[in-house]
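Okay, here's what each chain looks like letter by letter:
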Amino acid sequence: MLEIVKTADGSNTIFNSEVGENYHSRNGALQESQHVFLKMGLQYFLAQNNAVSVSVLEVGFGTGLNFLLTADQCIANNIELQYTGIEAYPLSIDMISQTGYDKYVSAEIWQMFTNIYATALNKPVELNPHCQLQIAYRKLNEFHSEGQYDVIYFDAFASVHQPEMWDESAITYTLKFLKPGGVFVTYAITGNLKRTIKALGLKVEKAPGAPGKREMLRAVKCADMQM
């Protein structure tokens with residue numbers, strides 16, 4: 001049901017035959033994560049706010065690649081990171097270890113991640129005093145949080161395979177967890193998605209897409225906006 005496959009930039013992803021899709025773009029798993037989520041999401045938020053700390057919510061934790069790259073960058077730049085990933089069907093750490101993603105982060109971060117992964121599925125865990133990970137082992141509509149997040153990575157499977165993750169109710173529910181002034185990014189951009197987010201009052205931007213995609217979506221919540 002799960003198979004390691006190589007993508008165009010030489011990095012690996014996982015193909016899920018039950019869903020009929022890869023966890024990352026076949027045009028480049030590493031490049032997609034770096035461009036869509038780090039450059040357009042994390043780095044954009046940090047630069048716009050001169051921030052020294054950031055909280056990230058990821059919808060679709062999957063292989064952990066987005067977290068690993070985010071943690072590596074934040075720790076290297078002395079940015080405090082609170083990271084929560086939502087994942088209804090978590091992969092085993094053995095499967096994640098076969099991806100080869102240890103090549104893209106420091107050995108220390110990879111070792112800490114593999115050591116705490118199982119525990120993080122049950123409660124928040126520190127990689128170090130400045131980096132915390134929690135993986136919410138549940139479906140999106142079962143996720144609850146008393147707090148909101150600076151950045152949301154929306155990395156669900158494509159709408160053709162998981163339409164319920166992209167409908168108006170799912171997007172509206174997700175954006176409840178975004179702080180005023182926060183940034184939402186996803187690899188997709190469709191008319192329905194843009195209309196839904198605009199109707200909620202966020203500023204929607206078309207941004208250049210990762211390899212294989214012409215455009216992606218970034219949305220910013222107004223600083224004085226509450227939902």
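Our structure is the block above this text.
Here goes a summary of the coordinates provided. In this text, all values refer to a predicted model and were calculated from it rather than measured experimentally. (Residues numbered from 1 in each chain as written. Predicted model: local features only at pLDDT ≥ 70, side-chain atom pairs only at ≥ 80, totals over all residues. Heavy atoms only, no water.)

Some remarks on the packing of helix α1 (residues 29–49) against helix α2 (residues 65–76)
Following both chains from N to C, one finds α1 and α2 inclined at 55 degrees, their axes separated by 10 Å at the closest point. In terms of axis orientation, α1 runs oblique to α2. Here α1 runs over α2; the crossing is right-handed. Residues Ala29, Leu30, Ser33, Gln34, Phe37, Leu38, Leu42 and Gln43 of α1 pack against Leu65, Asn66, Leu69, Thr70, Gln73 and Cys74 of α2. In the contact of α1 with α2, the residues fall into eight nonpolar, six polar and no charged. (Axes fitted to C-alpha atoms, helices over the stretch in contact; angles between N-to-C directions. Helix = DSSP H or I, 4+ residues; strand = E, 2+ residues; numbered from the N terminus. Parallel < 35°, antiparallel > 145°, perpendicular 65-115°, else oblique. Left-handed = near helix turned anticlockwise from the far one by under 90°. Contact = heavy atoms within 4.5 Å. Nonpolar A, V, L, I, M, F, W, Y, C, P; charged D, E, K, R; others polar.)

Looking at the pattern of salt bridges
Proximity of charged atoms lets side chains of opposite charge pair with each other. What the rule picks out here adds up to four salt bridges. Linking Asp150 and Lys179 is a salt bridge whose minimum nitrogen-to-oxygen distance equals 3.4 Å. On the criterion of sequence distance, the pair formed by Asp150 in strand β8 (residues 149–154) and Lys179 in strand β9 (residues 178–186) is long-range, its members being 29 residues apart. The class for Lys179 is partly exposed, based on a relative accessible area of 29%. Residue Glu215 is joined to Arg214 by a salt bridge in which the shortest nitrogen-to-oxygen separation is 3.5 Å. Under the relative-accessibility criterion, Arg214 is labelled exposed at 70%. Beyond isolated ion pairs, a larger network of salt bridges with shared partners links Lys203, Glu205 and Arg218. (Salt bridge = Lys/Arg side-chain N within 4 Å of Asp/Glu carboxyl O. Buried < 20%, exposed > 50% of the residue type's maximum accessible area, 1.4 Å probe, protein only.)

A closer look at the sheet that holds strand β6 (residues 125–128)
The strand order β6-β7-β5-β4-β8-β9-β11-β10 describes an open sheet built from eight strands, whose pairing is mixed. At either end of the open sheet lies a strand with only one pairing partner, and these are β6 and β10 (203–208). On average, each strand axis in the sheet is tilted by 20 degrees relative to the strand beside it, whichever way the strands run. Against the sheet, helix α4 (residues 107–120) contacts β6 and β7 (131–136), and its axis sits at roughly 175 degrees relative to β6. (Pairing = 2+ DSSP bridges.)

A few points about the sheet that holds strand β2 (residues 12–16)
Taken in spatial order, the three strands line up as β1-β2-β3 in an open sheet, and their pairing is antiparallel. Looking along the sheet, the strands with just one partner apiece sit at the ends: β1 (2–6) and β3 (21–22). Strand direction decides the pairing type here: β2 and β3, joined by two bridges, are antiparallel. Directly across from Phe15, in β3, lies its bridge partner Asn22.

Brief notes about the environment of Thr7
Turning to its location among the elements, Thr7 is positioned in the loop between β1 and β2. Each C-alpha atom, one on Thr7 and one on Gly147, is 36 Å from the other, the two residues being 140 residues apart in sequence. Apart from residues no more than four positions distant in its own chain, Thr7 is found in contact with Asn12, Thr13, Ser25, Arg26, Gly28 and Ala29. Polar side-chain contacts of Thr7 include one of 2.7 Å to the backbone oxygen of Ser11. (Polar contact = N/O pair within 3.5 Å; in protein donor to acceptor, adjacent residues only side chain to side chain.)

Digging into unusual backbone geometry
One non-glycine residue, Asn50, lies in the positive phi region at around 50 degrees. In this structure, Asn50 sits in the loop between α1 and β4 (53–59). Overall, the relative accessible area of 70% leaves Asn50 in the exposed class.

Section: the pairing of β1
Bridging between β1 and β2 involves five bridges; their strand directions are antiparallel. In the strand pairing of β2, Glu3 is matched with Phe15. Remark: five residues form the turn of the hairpin made by β1 and β2, two consecutive strands paired antiparallel; Gly10 in that turn has positive phi of roughly 95 degrees.

Considerations on the pairing of β2
The element β2 is largely enclosed, with a buried count of four among its five residues. Linking β2 to β3, which pair antiparallel, is a turn of four residues; within it Gly20 sits at a positive phi near 85 degrees.

Examining α4
The end-to-end C-alpha distance of α4 is 19 Å, a good match for the 20 Å that 14 residues give at a rise of 1.5 Å each. Of all bends in α4, the biggest is about 35 degrees, found at Thr114. For α4, the complete set of buried residues consists of Ile109, Trp110, Met112, Phe113, Ile116, Tyr117 and Ala120. Looking at the buried side of α4, the elements it contacts are α2, α3 (93–97), β6 and β7. (Expected span 1.5 Å × (residues − 1). Bend = angle between axes of the 7 residues up to and from the residue.)

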